[in-house]
Amino acid sequence: MDFEAFFKSELDGLHEEGRYRVFADLERQRGQFPRATRYTENGSHDVTVWCSNDYLGMGQNQAVVEAMKSTIDHCGAGAGGTRNISGTNHYHVLLEQELADLHGKESALIFTSGYISNWATLGTLGQKIPGLIIFSDALNHASMIEGIRYAKCERVIWKHNDLKDLEAKLKAADPKAPKLIAFESVYSMDGDIAPINEICDLADRYGAMTYLDEVHAVGMYGPRGGGVAEREGIMDRLTIIEGTLGKAFGVMGGYITASTALCDFIRSFASGFIFTTALPPSLAAGAVASIRHLKTSQIERFAHQERVRRLRSLLDARGIPHMPNPSHIVPVMVGDAAKCKWISDILLDNFNIYVQPINYPTVPKKTERLRITPTPLHSDADIDHLVGALHQLWSRCALARAVA
Ligand SMILES: *Cc1c(COP(=O)(O)O)cnc(C)c1O
């Protein structure tokens, strides 16, 4: 087989469908977030980033950066092994205590990313619990889908955030089979939020465990940044709460929190936990600093929500259509893949505004969008500049306006 020709023809297919991914080559500037330097073939220039998942700018927070630097000075660069074989550093232990406390659970277990935490946990539960049926929301993240697939257990997909459909499917299943309901709190592309309490009611009624991915909510919702379940006072109703250290906490890594027995079970059986090098101690220390900061400081959360409201109201004033939702994610709807890509390119090249276009298959066709994520560090001038640029491009592309 001509392997090179095969790779190239597959890539040509992506180009033809307009799905080929181009990465912006950025250098983030500490102290200047959301500014970054963009490198191109023609040199470099500064851009304002409007699509970062560093939702609160914690990636440049003084306490976080100092903790990481001092831990490198103290412990060196890497962990030096898997958790089992010489890689467990004291900072990993502190981080797991901090996370268990954040979610009011007995225990926590950290992984090298949120992706791995979903994949390894769902995969291990589905493989090991005899006859387990996993009820998975139709819009769950790829990492959960892959975990469930790897589990090779029975899976039932229920309509997104649809309690009637979930109940019908729970009712139709064997009453004696062990069950798990897997879902997210904030869904990242539409920014809508699951009816967590009602899903827990159904779980109680049908004897199911619950698995909640709070990746887009931890740090940002709840009085201590414990997520939407904390805000609603129902963290104790969930069997497992999963999160990331890479989004609002500004660092890297993933975790689950649950009972001691459940965390110990995953620790003891999950290949994706056991056979991989532990996070560097500096990352764990940075995450501890970030979580501790956001447990007591409301400034970032309040400023974040205020920036989101301001952006939405200025978009409304200009008739730029954006999807309403109760979260911090502002999907500006374009509804055409080529125009979406074109607008994103012009924003970057002519306005120094970076928003990655979101096209199929990440979202359905005809719902192509710019997924805008304001942070507490976007100024009034930044927002005015963004909305002004969108206003011009909406006219140039003859895109529909929203009617007020
Ligand atoms: C980003 C994301 C993850 C993966 O987290 P990482 O720490 O980035 O690997 C998991 N679930 C959802 C819903 C996500 O958006």
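Residues numbered from 1 in each chain as written. Predicted model: local features only at pLDDT ≥ 70, side-chain atom pairs only at ≥ 80, totals over all residues. Heavy atoms only, no water.

### A closer look at the sheet that holds strand E3 (residues 43-49)
Hydrogen bonding along the main chain pairs the strands of a sheet, whether they run parallel or antiparallel.
Right, so step 1: Strand order across the open sheet formed by 4 strands is E1-E2-E3-E12, with mixed pairing between neighbours. Two strands lie at the open edges of the sheet, namely strand E1 (25-28) and strand E12 (353-354), each paired on one side alone.
Right, so step 2: Looking at chain direction, strand E2 (residues 35-40) and E3 are connected through 6 bridges and run antiparallel. Across the sheet, the residue bridging to Thr40 is Gly43, located in E3. (Pairing = 2+ DSSP bridges. Helix = DSSP H or I, 4+ residues; strand = E, 2+ residues; numbered from the N terminus.)

### Some details on the UniProt feature "domain: Aminotransferase class I/classII large" (unreviewed entry) in the chain
Right, so step 1: The positions UniProt marks with the feature "domain: Aminotransferase class I/classII large" (unreviewed entry) are residues 46-390.
Right, so step 2: In this annotation, residues 46-390 is assigned 46% helix and 15% strand; the end-to-end C-alpha distance for the span is 19 Å. (UniProt positions renumbered as here; feature names shortened; annotations may be inferred.)

### Some thoughts on the pairing of strand E8 (residues 208-213)
Right, so step 1: Taken across its 6 residues, E8 has 5 buried, putting it largely inside the fold.
Right, so step 2: In this sheet, E8 lies alongside strand E7 (residues 179-184) in parallel orientation, the contact comprising 6 bridges. Residue Glu184 lies in a different strand from E8, and its bridge partner there is Asp213.
Right, so step 3: Alignment of E8 against strand E9 (residues 240-244), held across 3 bridges, turns out to be parallel. By the bridge assignment for E9, Tyr211 is matched with Ile240. (Buried < 20%, exposed > 50% of the residue type's maximum accessible area, 1.4 Å probe, protein only.)

### Digging into the packing of helix H4 (residues 90-103) against helix H12 (residues 281-296)
Right, so step 1: Their axes nearest at 8 Å, the elements H4 and H12 cross at an angle of 30°. It follows from the interaxial angle that H4 and H12 lie roughly parallel. Read as a crossing pair, H4 and H12 show a hand that is left-handed. In this structure, H4 uses Tyr91, His92, Leu94, Leu95, Glu98, Leu99, Asp101 and Leu102 to contact H12, whose residues at the interface are Pro281, Ala284, Ala285, Ala287, Val288, Ile291, Arg292 and Lys295.
Right, so step 2: Of the residues in the contact of H4 with H12, the class split is 11 nonpolar, 1 polar and 4 charged. (Axes fitted to C-alpha atoms, helices over the stretch in contact; angles between N-to-C directions. Parallel < 35°, antiparallel > 145°, perpendicular 65-115°, else oblique. Left-handed = near helix turned anticlockwise from the far one by under 90°. Contact = heavy atoms within 4.5 Å. Nonpolar A, V, L, I, M, F, W, Y, C, P; charged D, E, K, R; others polar.)

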